[in-house]
Each structure stands twice: as C-alpha cells, then as structure tokens.
Amino acid sequence: MPGMIAELPDEGTLLRTVIDKLLEEQQQLTAVERFSRRHEAHAVPAHSRYYRDLIPRTKPGEGQQYAFGVDLDACTGCKGCVSACHSLNGLDDDELWRNVGLLHSGTSAYQQTVTTACHHCVDPACMNGCPVLAYDKDPKTGIVRHLDDQCIGCQYCVLKCPYEVPKYSKARGIVRKCDMCSARLAEGEAPACVQACPNGAITIGLIDRAALTVGTRTADRLLPGTVSSAYALPTTTYRTRRSIPADAAAGDAGVFRLQEAHWPLVFMLVFSQMSVGIFAALAALPVSGGAAAALAVTGAGLLHLGLAASVFHLGKPLGAWRAFLGLRRSWMSREIVAFGGLAGIASACAALHSLPFVAPVVPATAIIANLIPYRLGEGLAVGAALLGLLAIYCSAMIYIDTQRPCWAAGHTVRKFFGTAALLGIAGAAGVLAWMDVVSPGGYEGVWQALMLAAVGIHCVLFGVDVAWLTRGLSTGFTYQHRAARALWLQRQGAIFVTAALFCSSTLLALAALIFTGLPAALSATASLGLTIGAQIIDRYFYFVASEPFRMPGPVPIRQEEHS
C-alpha cells in the first residue's frame, strides 16, 4: 500500500526455505509406498477372503502339482477371466492366453460356456516337441513354463499342442503361453483368471500325477471333440452336475478354418525331398564323369536352397544352432541334425565329383583330385541317399507326431516319399537329358526310362489325390470331409491349377520322349518345372488343410464357413 515499505527476505533466506521444503517432501511416502507398507502389515492382502478358498492352502507335495479346476455350472461366459489374464500379463491386442468357448447340442436345449487355458499337462506335447528346450515343467509345482529367452520361434509347439495353447508373437519372434501366474501362486495369491471370476468358476487344486498317468485311457477326453487325454495327460478338471448330451459339440465344430501355409516349410520340404531323390538316383544309376558331377551338384544345390528357405520360418534364426538340444525327444531336432549331416555329405560328394573338371581350371586342385579315389565319391552318394531317406522320415514324423487327423501316417509318408521319388527321378532325367545334348547318345536310353517312370509316378500320385478329394467330399462328417470341402470351396482355383500343371507336365514329358537333342532337353526341363510347381501347391494344401484338435470355440459369425 502507499506509504508502506514491504520487507522482502534476502536471497539466502529464500533458498533455505526451498531446500527445507524439498527435504520435507522427501520424507513423505508416495501412494505406492503407503500401499506397500499397508500390504506388509498384514500376512495376506485384505481382500484375500474373496479368493483364499480358490487356491490350495498347502504347497504341492511329492508327486503332486497345481491344476486348474473349472465348475462348468458356474461359468456364465462373461470373459472376466480373459480380460484379467490379458491385463495382468500385458498381452498384445490380438494375444489371448485364456479363451471362452461353447458346447451345445443339436437335439436338446443343452448349452454350456467353457473357459479354457493351458492345462499344464503331465506329459506336455509342447515341451516334448521343442527342439531348443524352451519349455520347463517345474518339478515342485508342475507348472509348464515357456522360457522366452530360449525360444527361436520355430512354432513347432504350436503344431504339437492339441489345445491351441502356445501363441506365436510375430512382433517378438517367439511363442508365449500361460504360466498359471506362477509368481502370484508363489506368494499365496490366486492367478488373475481365478481371482477375476465373479462366480468362482475357476479354481486351483492339487492333483496326483501318478494317478492321472495310470488312470488315463485312450477314450478319455477333457471335453467332447478334444483329443484323447492319453496324448499329453492334461491336468485341468471340468466339473458339472448336469449330464453332457452324447451329441454335444463345440460351437465352432461345423467350421473348418484353413491353417497357415508356412511357405518357408513348403519350399524346404519340396526342395529337400527332391535333393534326396536325386542323390538316390545318383547312387543307383550307372553314371560317372560329368553326369555324376551334374547330379551331385544339382542335388547339393537344391538341398542348400531348401535349408536356406527354412530359416525364414524362424522368428529368432540366430538361435537355430541350439536345435540339437532336443534330440532326445524332439523330431524337429532329429530332422535338423539329419539334414545338417546330409548338407555336409552332399557338399563333399558334389565337390569330389567336380574335382576332375575343376582341376584344369584351378591347377592346385589337381593334386587333390589325384589323391582321392573316385570310389569315395560313389560312397558319399550312397551315404547321402541313405541319410536323406532318414531325414525325410524325420520330417514325416514331425507332422505325424502332432496327432492331427489330416497328417495321418499313411497320408504323410505317401506325400513325402512320393515327392522324393517323383522329383528325384524327374530331376535326374532332366539333368541327363542335358548331358545327352553335350555328349549325344551317352545317356539317351537312361534319361528316357527315368522320364517315363516319372510320368507313371506322377499319374499315381495325382490319381490318389483326386480319389482323396472325391472321397472326402462324398463322406459324412469327418476331418477328411471338412478338409476336402474347405479346399474345394475356398481354394478351388488352386486345385484346377494343380490339375493343369499335371496335364501340362505329362504332355511335355511325353514330348521329350519323342524329340531328340536340344528340344528333348528343353521339354524335359519344362516338364520338371511344372512338376515342381504342382508339388509346391500340393504341399501348400498339406499345411492349410491340417485342421488341429482344439478346445471348444464360440459359434462363428460367418456362417458361410460351415462345411
């Protein structure tokens, strides 16, 4: 005010005041710290009364493990468990570790929602299939955990699990799955899904692993439509006071979803099997010199091309060197080791057969060529053929071991070894046809006989596939019917392309038998290219038509997908 002089504190007094205030604020607890102290003041959280009875009061004893228990009568399908699991575990927008499906009957008013997650099996299929040991079953709790830092993203566990539990994250290049909120259980707290269910439909209990192993029969199933529990010995228990109708089925049982194509695996299988077929032809045919070198180089090149393609299927390819770790129980590890050994033998075979032709250009190799007996190259060709056949068997077992109906043993073995025989013989015929152009009359009768054999094999394989498709379309409600109908309705164009490739390759092969010299070699090569294309589409069908076993899903919105 006028006439008054305000006394201001000096700079030192002002500075001390600010410092004192900051020091005082540091002595105050934050909201998080206050919550933590209140939590530590009690033995258990204050709201534990809402979930204490939903988890065991004691830790698992000898031979026991934790297991989910689901009261179907209490499940209303609210998806509170799904939301809680997604939120607590920080999952991606399109990533779910717990789902809610539906069981219903076609002849009665029965309808039941079903909550599902990982069953933490006694004999986990995911763990048995992993080539890098990225799964661990805790010996004390029985919880099956996924070790993210070990995973290479091969996705074999996704194929192996009959309950569609592991989920592949493209952004991370690895698989992730439910771990029963093991960190919470260790502190006596219920998993997120258990705690979130408003009706207490989900609980955690203790089960005796030995009793489950002994008492599980092939006919036992968790729910209608699921795989036999004898496959992985799941531990989840579903309880209901109502009788489940004999015709009860999953809400999505009438829907066939085409699966992922896995294009890197498509090319890997086709080229590796063709390579094995060519080495088998090299070992069996009376060829030598330039013809033997051409076959060996072609076989080795195709093998390396196929193995290079397979790398693109891995989310973490730099960790692929650890694939041998699961050799004791994983067919994928066995396949990788077998093809790795084959790559070395095939390369050595190609190098030895090529030395006589490289020596004039690179004089330093002439000494090596003179020291190494030719018989060694022949022996390597036989070794490559035998190891290659073993590798193809391992490839077949990778898919047979998943128990998927459309990957049955007979179907898979016929396709894999059929491709090796067809493309191996056709490939050898194409190579020798060009050698006949270089040295007329040298292998004319041999490659023509091979070409005729390839035509015969292709006709048989194509006829069997047509019979499979026709039988599948005409049969009742079976997996083969669903697969055949889905392919016919959704991939009819590709089916017609396969038929066109078969007809064109056959005509070109027959034309090659009529022509001589360069026209014959060109026709044989064109026929081979079309045959390879047909086999690539066939392997694509093999993957997309491989409907897996799964837990009940919801009734689909798109009714046109019904088969």
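Since the structure is predicted, the reported quantities are computational estimates derived from the model, not experimental observations.

**Focus: the overall build of the protein**
The number of helices and strands found in the protein is 18 helices and ten strands. When each of the 563 residues of the protein is scored for burial, the buried share is 48%. In the protein, 74% of the contacts between residues at least 6 apart in sequence involve partners at least 24 apart. When the accessible surface of the protein is split by element, carbon and sulfur atoms take 63% of a total near 26800 Å².

**Brief notes about the sheet that holds strand 10 (residues 249-250)**
Spatially, 3-2-10 is the arrangement adopted by the three strands of the open sheet, whose pairing is antiparallel. Edge positions in the open sheet fall to strand 3 (111-116) and strand 10, since each of these has one partner strand only. Direction of pairing for strand 2 (residues 99-104) relative to strand 3: antiparallel, over a ladder of six bridges. Bridge pairing in strand 3 places Leu-102 opposite Thr-113.

**Quick notes on the pairing of strand 3**
Burial analysis of strand 3 places five of its six residues in the buried class, the great majority of the element. Linking two consecutive strands that pair antiparallel, namely strand 2 and strand 3, is a turn of six residues.

**A word on the pattern of salt bridges**
Here the structure, examined in full by the defined rule, presents 16 salt bridges. A salt bridge links Glu-95 to Arg-176, with the nearest nitrogen and oxygen atoms 2.6 Å apart. In this pair, Glu-95 sits in the loop between helix 3 (80-88) and strand 2 while Arg-176 sits in strand 7 (residues 174-176), placing the two residues 81 residues apart along the sequence. The exposure classification of Glu-95 matches that of Arg-176, with both residues buried. In this structure, the salt-bridge partner of Asp-138 is Arg-145, at a minimum N-O distance of 3.7 Å.

**Some remarks on helix 10 (residues 289-311)**
End to end, helix 10 covers 34 Å across 23 residues, agreeing with the expected 33 Å (1.5 Å per residue, within 8%). Taken together, the buried positions of helix 10 are Ala-291, Ala-292, Ala-293, Leu-295, Ala-296, Gly-299, Ala-300, Leu-302, Leu-303, Gly-306, Ala-309 and Ser-310.

**Notes on the side chain of Thr-226**
Looking at where Thr-226 falls in the secondary structure, it is placed in the loop between helix 8 (209-215) and strand 9 (237-239). Looking at Thr-226, its side chain comes within polar contact range of the main-chain oxygen of Leu-223, at 2.7 Å. In contact with Thr-226, other than residues within four places in its own chain, are Tyr-163, Arg-221, Phe-549, Arg-550, Met-551 and Pro-552.

**Quick look at the side chain of Thr-412**
Residue position: Thr-412 is located in helix 14 (residues 409-438). At 3.3 Å, the side chain of Thr-412 forms a polar contact with the backbone oxygen of Trp-407. Reaching out from Thr-412, the side chain makes a polar contact with the side chain of Tyr-542 at a distance of 2.8 Å. Excluding residues that lie within four positions of it along the chain, Thr-412 makes contacts with Ala-396, Ile-400, Trp-407 and Tyr-542.

**Structural notes on unusual backbone geometry**
At Gln-155, a position not held by glycine, the phi torsion is positive, near 70 degrees. One can find Gln-155 in the loop between strand 5 (144-146) and helix 5 (156-160). The residue His-262 is not glycine, and still its phi comes out positive at about 55 degrees. The topology assignment puts His-262 in the loop between strand 10 and helix 9 (263-284).

**Structural notes on the packing of helix 15 (residues 444-474) against helix 16 (residues 479-490)**
Remark: helix 15 packs on helix 16, axes separated minimally by 7 Å, with the N-to-C direction vectors making an angle of 105 degrees. Considering their axes alone, helix 15 and helix 16 lie roughly perpendicular with respect to each other. For the pair formed by helix 15 and helix 16, the contact residues are Trp-468, Leu-469, Arg-471, Gly-472 and Leu-473 on the first element and Gln-480, His-481, Ala-483, Ala-484, Arg-485, Leu-487 and Trp-488 on the second. Considered class by class, the residues forming the contact of helix 15 with helix 16 number seven nonpolar, three polar and two charged.

**Some points on the packing of aromatic side chains**
Per the counting criterion, the structure on display carries 16 aromatic pairs. With a centroid separation of 5.0 Å and an interplanar angle of 10 degrees, the aromatic rings of Trp-263 and Tyr-540 are classed as stacked. Of this pair, Trp-263 sits in helix 9 while Tyr-540 is found in helix 18 (residues 517-544), placing the two residues 277 residues apart along the sequence. Taken together, a centroid distance of 6.1 Å and an interplanar angle of 85 degrees make the contact between Trp-407 and Phe-543 edge-to-face. One end of the pair, Trp-407, is in the loop between helix 13 (374-400) and helix 14; the other, Phe-543, is in helix 18, and 136 residues separate them in sequence. Neither Trp-407 nor Phe-543 differs from the other in exposure class; each is buried. Among the aromatic side chains, those forming a connected cluster through ring pairs are Trp-263, Phe-267, Phe-271, Tyr-540 and Phe-541. Lying over the aromatic face of Phe-68, Arg-98 brings its terminal NZ or CZ to 4.8 Å of the ring centre. Here Arg-322 stacks its cationic end above the ring of Trp-321, 5.9 Å away from the centre of that ring.

What counts as what
Residues numbered from 1 in each chain as written. Predicted model: local features only at pLDDT ≥ 70, side-chain atom pairs only at ≥ 80, totals over all residues. Heavy atoms only, no water. Helix = DSSP H or I, 4+ residues; strand = E, 2+ residues; numbered from the N terminus. Buried < 20%, exposed > 50% of the residue type's maximum accessible area, 1.4 Å probe, protein only. Contact = heavy atoms within 4.5 Å. Areas by Shrake-Rupley, 256 points an atom, 1.4 Å probe, with all protein chains shown as cover. Pairing = 2+ DSSP bridges. Salt bridge = Lys/Arg side-chain N within 4 Å of Asp/Glu carboxyl O. Expected span 1.5 Å × (residues − 1). Polar contact = N/O pair within 3.5 Å; in protein donor to acceptor, adjacent residues only side chain to side chain. Axes fitted to C-alpha atoms, helices over the stretch in contact; angles between N-to-C directions. Parallel < 35°, antiparallel > 145°, perpendicular 65-115°, else oblique. Nonpolar A, V, L, I, M, F, W, Y, C, P; charged D, E, K, R; others polar. Phe/Tyr/Trp six-rings, centres within 6.5 Å; stacked < 30°, edge-to-face > 60°. Lys NZ or Arg CZ within 6 Å of the ring centre and 35° of its normal.

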